[in-house]
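A look at the structure
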Amino acid sequence: MGRETSRAVMGQFSGGCYLSFATLVLLGSQVPATLARGTRGEALQHGQSGTLPHFLEEPVDAYIVKSNPIKLRCQARPALQIFFKCNGEWVHQSQHMSQEHTDLGTGLKIREVMINVSRQQVEDFHGPEDYWCLCVAWSHLGTSKSRKATVRIAYLRKNFEQDPQGTEVPLNGMIVLHCRPPEGVPVAEVEWLKNEEPLSSDGIIDTRGDHNLIVSEARLSDSGNYTCVASNIVAKRRSATATVVVYVNGGWSSWTDWSPCNVRCGRGVQKRSRTCTNPAPLNGGAFCEGMSVQKSTCNTLCPVDGGWGEWSEWSLCSSDCERQRSRECTAPEPKHGGRLCDGVALATDNCTGGLCTQSVENSSDVALYSGLAAGVVTVVLLIIAVTLYRRSQSEYGVDVIDSSALTGGFQSFSFKTSRQANPLLINSSMQPDLTVSRTYTSPMCFQDSIDKELMAERSLLDPLPDLKVKGVAERAEYHVMSHPQTFPRGLAPDYRGVAVGTTLGRRSKNLFTPQVSLTPSRPLHKATAVFGHAGGRLVVPNTGISLLVPHGGIAEDTTWEMYMIINQEDSSTLSEDGPEIFLSPAVTYGPPGLDLSCPIALTIAHCGEVDAGNWTIRLKRQMQDNKWEEVMSVDEESASCYCLLEAQRCHVLLEHPGRYALVGEPLNQEVAKRLRLAVFGSPDTSNSLGFTLRVYCVDDTPHAFQEVAVGERSRGGRLLEEPKVMLFRGNTFSLQVSIQDVPQLLWSIKPFTTCQEFSFSQVWASNQRPLQCAFSLERYSHSSSQLSCKISVRQVKGEEQILQVYTSVVENEKGVVPFFTQSDCTITSQTGSRAFKIPLSIRQRISATFDTANAKGKDWQLLAQKLHIDRNLCYFACQESPSSVILSLWEAQHQDSGDLDSLASALEEIGKVQSPTTTTHGCSREEQDSEFTQLG
C-alpha cells in the first residue's frame, strides 16, 4: 500500500501538481534525500508562510557547435530545491551545479542551478522530437516547472541549393540573381558581395526575404562580380561568383552634310557618313545596324570654254584712214567656269589703195611728227628721273627694316590703304596686307607656289632644268639623275653600306667608293639631289628630317650631288655604362668632301619631353671608330655649331658632313620621352573567324612611325583609331598593354594574353624601333561582324592612354590606311628660289642692312633678338654674314608653315622702335637723311 501511494504521488509530481509539505515528509524515502532534508530544514526555517517558486531565469534553446557542450541554467525564488528533467527523466543530482543567495529586498531565497549537455547525449537520444530539458523548483507550498528548452546539434552544409548565375542586361534593364543557401541548423543568414565588398542597399537594390537580389533599373555602375554568402554559428559558405555585365547598345549619330562631288566634270559620287557614337557600344553592346556611309550620284556641269564667232564685215574707212571689224565670244559662250576666248574682239586696219585724200595724208604726217616729238620728250624726262632716283639711292641706301620690302615674298594680292608716306622707304605708297599670306601646312612634301614663281626673278630659277626627280614610295628610296662634273676633285659620297650604284642614275659605280669605312647600320630612308650656287632644300619625306643649303653656299659654276640617310642606332654604342639614349634617328649627310662657304641647316625630329628641363641633350657625331663624340650641348655656348631646340624637333647649323644624332641624359626620374601609340587590325588569314589586333608603341617621331606604317600596309592592316601620344617616364617601371571590354558573348580571346608587358629597358632604349604586341580574337559565328573593345596602355605608376576600337571585321572600304596627311609624297628636293620662303632680293637687302653695325643699334644682333634667336650669339659673330645665317635658321624653323608674317612683323617692329626716318621729332630732312645714311 505504501509503494502504490508513492507511485501515485510521484506521478502526480511529474504531472506538475503541487505537493504539500506533509506529503513530501511522508514520501521522503521516495525523493532525493537532499530534497527531503532541505524541505524539512526550509519548512522549519520559514514555517508555513511563503509562495510558490517563481522562475527568474528559464532554460533557453541551445545549439551544440562541433563537440563543445552547452550549459542550461535555471533560477527561481523562493526555491528550496531545483532539479532538471531531460526527455522525461530526472537528471542525477551529481550533474547539478547549484548556488543560492538571499534577495535583500524581500528576504527570500534565490536558488540557481546549471547542468551541462554534451553532443554525445544529444546524439544518443532517439525520440520523436528534439532533445529537451526543463526545471522543477520546490517550495514549502509546492512545485513549479519551467518551459522546455530544446538542444540541437548545429551544422551548415557545404553546397548551395541554388547558385546565382551570371547575366548580361541592357542599360535600365532588370537584374535578378537567385540564391538558395545550404541547409543548416540554425537557418543560415544571407548577404551579398559585389566585387568582394558588402553590397549596400541604396534604394535601388532589393534583397528580398527569399534571398534573391533584384535591381529594377540597371546602371553601368552595377556591372561587377556578385557573390552570395550564407553563414550561421557554425560556418560561412560562399556561392559561385556571378558576373553581371550592363551593356549599352550603339546608336547612330546624325548624318553629316553631303560631301562635294568627287569629280569636277560629269557624273560622280558624293558621300555622307555617320558614326556609331550616340551612344557608342559599351561592354559588348550591339554595334549599330545599317550603313555608316551613304553614297549618291551627282552631276557636275562641265566647264565650257568660249569660242570666237565669225568676223563682221570691215567698216567704212574713217577720216583717220582706219577701218574696223569685230567678233564675239559666242561660239560657244564660256559657261560654268570655262575660259574666255583668247585674242582680240576688235581689229583695226589702215585703209589703202587710194582710199585716203591728200589732206588726210598731210594731217597724218603732222600727227606722226607730233607723236615723235612727244616720245623724245618723254624719254628725256624718264632718263632724268631714273638718274635722280639712282643718285638718291646711292646717297641714302635702302631701308629694308619696313615690312614693305617683303612685298614680293608674301604672295599676297590684297593690300590695305597705304600708311603715311615715308620718302626714304621702298614702295612707301603701297604697303602689303600683312594679314593675308599664303601658308604652307605640310611638313612632309613641297608645295609648288604659282604666285611665288610669277614674282621670282628669272635668273633665280632652277639652274638645272634637266634634273628629274622620281620616287618609289614603297621603299622610301629616291632616284635622282646626276649632273655631269658633280664632284669637284673626284670626291665621292659616303653612303655607308647603301648600294648607291643602283639608285643614282648615270653615275658609274666606282665613283661611290666610301672614303670612310664605318660599320654599316640598316638604312631605312635616303634622299639625294644636285645643288648649285642657288642652293635648295633636301627632304626625306614623312620622317621630319630635312636639310637646307643656303643660296651662295656653293661656289658659282660648281655643283654637288648631296645626300641624306637615316639610320637606326643602338644605344649601347653611346657608352658602355652611361645612361644616355638616342632621342632621334641618326642622320648622315654628305658627301664627305663637301666644301661650303656657309653652314647648312639640318632639321631633326626628336621624342624628348624637353619643356620640363629634366634632360641634358647633346648633339653627337659618329667617328671613324664607330664611337660617338660630343659636338655640343644644346644648353651651352659654341662657336663651331648652333642648336635651336624646339618641343618636337631640333634645328642644327653644321659645317662638316657626317653622321649626327641627338642623345639625352636623364637628370632625374621625372624625365620623360614621348611615345606614339597606334592599333591596327586585320583578319586572320589562317582562320576565317579570327581577327588580330596589333598595338604599336614607338618613339614619337615621324620616322619611327613610318616604319610601322610601311609594315602594316604590306600586310593589309587598317588603322583602327587615331594614334595617341603618351609620356613614358624614366622611373624604371614597365609598360603594360591590355585589352578590355571584349564582348564575351560574341568573341573569345586566347587565354593568358589579355595583358602583355614590356620591360622598362625595352621601351626606354627602343631607339626608333617599334614595340608590338598582338591580341588574337575569334568570333563565335560569321554573323558577328562588329568588334568593339578598349586597348589600355599604361606605365606602372605613370600615365595611361585608352585606344577605343569600333570596327567592322568584314569591311573593305578602309583598306587604305591614312598613315600620313599626304601619303603619295615623293618629292625630296627643291632647288633655287622655290626652296626658300624669302625671295632672294629681299634676303640680300636684309643681310646688307643688318650685317654692318650702326649708331642706332640696327645690326644682326637686334635682328636675332626680334626673331627670338637670342642665345649663343658668338656663333653668328664668327660668320661672314651673320644676318644671312640667321635667315637660314629662320627658313629651317618655318619650312612647314611658310609664315612670312613673323619675319615681317619683326622687321616692322624694329622700324617702329628705332626708325631714324620718322618726322615726329621735328628733325629736318637733312638730319633724317644723315641718320639713315648711318644705317648702312
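Since we're looking at a predicted model, the values are computed, not measured.

So, how was this worked out
Residues numbered from 1 in each chain as written. Predicted model: local features only at pLDDT ≥ 70, side-chain atom pairs only at ≥ 80, totals over all residues. Heavy atoms only, no water. Helix = DSSP H or I, 4+ residues; strand = E, 2+ residues; numbered from the N terminus. Buried < 20%, exposed > 50% of the residue type's maximum accessible area, 1.4 Å probe, protein only. Contact = heavy atoms within 4.5 Å. Areas by Shrake-Rupley, 256 points an atom, 1.4 Å probe, with all protein chains shown as cover. Core = buried A, V, L, I, M, F, W, Y, C linked by side-chain atoms within 4.5 Å. Domains from an automatic or database assignment. Salt bridge = Lys/Arg side-chain N within 4 Å of Asp/Glu carboxyl O. Pairing = 2+ DSSP bridges. Axes fitted to C-alpha atoms, helices over the stretch in contact; angles between N-to-C directions. Patch = residues over 30% accessible without salt bridge, like charges linked within 9 Å, V, L, I, M, F, W, Y side chains within 5 Å. pLDDT = per-residue confidence, 0-100. Disulfide = S-S within 2.5 Å. Expected span 1.5 Å × (residues − 1). Phe/Tyr/Trp six-rings, centres within 6.5 Å; stacked < 30°, edge-to-face > 60°. Lys NZ or Arg CZ within 6 Å of the ring centre and 35° of its normal. Parallel < 35°, antiparallel > 145°, perpendicular 65-115°, else oblique. Nonpolar A, V, L, I, M, F, W, Y, C, P; charged D, E, K, R; others polar.

**Here's the deal with the overall build of the chain**
When helices and strands are tallied, the chain shows 14 helices and 50 strands. Looking at the chain as a whole, 45% of its 936 residues are labelled buried. When contacts within the chain are restricted to residue pairs at least 6 apart in sequence, those whose partners lie at least 24 apart make up 70%. When the accessible surface of the chain is split by element, carbon and sulfur atoms take 50% of a total near 47600 Å².

**A look at the nonpolar core**
The biggest cluster of nonpolar side chains holds 66 residues, and the ones touching the most others in it are Leu 693 and Ile 791. No fewer than three residues from each of domain 4 (532-666) and domain 5 (672-808) sit in this core. In this view, Leu 693 contacts Phe 680, Gly 681, Leu 720, Ile 739, Cys 773, Ala 774, Phe 775, Leu 777, Leu 787, Cys 789 and Ile 791; residues no more than four positions away in its chain are not counted.

**Here we look at the pattern of salt bridges**
Enumeration over the complete set of coordinates arrives at 25 salt bridges. For Arg 152, the salt bridge identified is with Asp 130, shortest N-O distance 3.7 Å. Here the residue Arg 152 occupies a position in strand S10 (residues 149-153), and Asp 130 occupies one in the loop between helix H4 (119-124) and strand S8 (131-139), the gap between them amounting to 22 residues. For Arg 152, a relative accessible area of 33% puts it in the partly exposed group. A salt bridge links Lys 866 to Glu 909; the nearest nitrogen and oxygen atoms lie 3.1 Å apart. Placement of the pair is Lys 866 in helix H10 (residues 860-866) and Glu 909 in helix H13 (residues 900-914), with a sequence separation of 43 residues. According to the relative accessible area criterion, Glu 909 is partly exposed, its value standing at 38%. Here the residues in one salt-bridge network are Glu 580, Arg 618, Lys 620, Glu 630 and Glu 665, joined through shared partners.

**Side note on the sheet that holds strand S3 (residues 70-77)**
Within the open sheet, the 4 strands sit side by side as S1-S3-S7-S6. Their pairing is antiparallel. Every interior strand has two partners, whereas the edge strands, strand S1 (54-57) and strand S6 (97-102), have only one. The average angle at which neighbouring strand axes cross in this sheet is 25 degrees, direction not considered.

**Re the sheet that holds strand S30 (residues 545-549)**
What the 6 strands build is an open sheet, ordered S37-S38-S34-S30-S29-S50; its pairing is antiparallel. On the outer flanks of this sheet lie strand S37 (642-645) and strand S50 (829-831), each paired with one strand and no other. Each adjacent strand pair in this sheet contributes to an overall mean axis angle of 10 degrees, direction not counted. For S37 and strand S38 (residues 649-654), the ladder comprises 4 bridges, and the chain directions are antiparallel. Note on S38: the bridge partner recorded for Leu 645 is Cys 650. Where helix H12 (residues 882-893) meets the sheet, its contacts fall on strand S29 (536-540), S30, strand S34 (600-605), S37 and S38, and the angle it forms with S38 comes to roughly 150 degrees.

**A word on a nonpolar patch on the surface**
Where nonpolar side chains cluster on the molecular surface, the patch consists of Val 376, Val 377, Val 380, Leu 381, Ile 384 and Leu 388 and spans about 550 Å² of accessible area. Tracing the backbone through its elements, the reader meets Leu 381 in helix H5 (residues 358-396). Judged by its relative accessible area of 54%, Leu 381 falls in the exposed class.

**Focus: the environment of Ile 869**
Checked against the element boundaries, Ile 869 lands in the loop between H10 and helix H11 (873-877). Taking the C-alpha atoms as reference points, Ile 869 and Leu 644, 225 residues apart in sequence, are found 8.2 Å from one another. Excluding its chain neighbours within four sequence positions, the residues that come into contact with Ile 869 are Tyr 642, Ala 864, Phe 876, Ile 886, Leu 889 and Gln 893.

**Section: the environment of Leu 735**
Relative to the assigned elements, Leu 735 resides in strand S44 (residues 735-740). Overall, Leu 735 belongs to the buried group, its relative accessible area being 0%. The spacing of Leu 735 and Phe 758 is 23 residues in sequence and 5.1 Å in space, taken between C-alpha atoms.

**Some thoughts on the confidence of the model for the chain**
Averaged over every residue, the pLDDT of the chain is 75; residues scoring 70 or more account for 71%. Every residue in residues 357-361 is under pLDDT 50, and counting partners more than four places away or in other chains gives 3 contacts. Counting contacts from residues 407-444, a segment whose pLDDT is below 50, to residues more than four positions away or on other chains yields 86 contacts.

**Considerations on the state of the cysteines**
Tallied over the full model, the rule gives 8 disulfides. Between the sulfur atoms of Cys 179 and its disulfide mate Cys 228 the distance is 2.0 Å. Between Cys 179 and Cys 228, the disulfide has an S-S torsion of -75 degrees and is therefore left-handed. Of the two residues, Cys 179 sits in the loop between strand S13 (175-177) and strand S14 (184-185) while Cys 228 sits in strand S19 (residues 224-231), which places them 49 residues apart along the sequence. Each member of the pair, Cys 179 as well as Cys 228, carries the same accessibility label: buried.

**Examining helix H7 (residues 702-714)**
If you check H7, its first and last C-alpha atoms are 18 Å apart, about what 13 residues at 1.5 Å a residue would give, namely 18 Å. Those residues of H7 lying buried are Pro 702, His 703, Ala 704, Phe 705, Gln 706, Val 708, Ala 709 and Glu 712. Directly beyond the C-terminal end of H7, a positive phi value near 75 degrees is found at Gly 716.

**Quick word on unusual backbone geometry**
Omega for the peptide link from Arg 77 to Pro 78 comes to -20 degrees, which places this bond in the cis form. Across the junction of Gly 590 and Pro 591, the peptide omega takes the value 20 degrees, indicating a cis bond. By the element assignment, Pro 591 lies in the loop between strand S33 (586-590) and S34. With phi around 70 degrees, Thr 732 is a residue other than glycine that occupies positive phi space.

**Side note on the environment of Lys 85**
By the element assignment, Lys 85 lies in strand S4 (residues 81-86). For Lys 85 and Cys 135, which are 50 residues apart along the polypeptide, the C-alpha to C-alpha distance reads 6.2 Å.

**Some thoughts on the packing of aromatic side chains**
Counted under the stated rule, the structure contains 14 aromatic pairs. Relative to Trp 138, the ring of Phe 83 lies with its centre 5.9 Å away and its plane at 80 degrees, an arrangement referred to as edge-to-face. Here Phe 83 is found in strand S4, whereas its partner Trp 138 is found in strand S8, with 55 residues between them in sequence. By relative accessible area, which is 6% here, Phe 83 ends up buried. An aromatic cluster of at least three residues, connected via ring pairs, comprises Trp 615, Phe 728, Phe 760 and Trp 764. Its end group placed over the ring of Phe 705, Arg 676 keeps NZ or CZ at 5.1 Å from the ring centre. Above the face of the Tyr 642 ring, Arg 871 is positioned so that its terminal group lies 5.9 Å from the ring centre.

**Description of the packing of helix H9 (residues 840-850) against H12**
Closest axis-to-axis distance for the H9/H12 pair is 8 Å, and the angle between their directions is 135 degrees. In terms of orientation, H9 and H12 fall into the oblique class. Seen from H9, the contacting residues are Arg 843, Ile 846, Ser 847 and Phe 850; seen from H12, they are Ser 883, Ser 884, Leu 887, Ser 888 and Glu 891. A class-by-class count of the residues in the contact of H9 with H12 yields 3 nonpolar, 4 polar and 2 charged.

**Side note on the side chain of Ser 239**
Turning to its location among the elements, Ser 239 is positioned in the loop between strand S20 (236-238) and strand S21 (242-247). Filtering out sequence-adjacent residues up to four positions away, Ser 239 remains in contact with Phe 160, Asp 163, Pro 164, Thr 227 and Cys 228.

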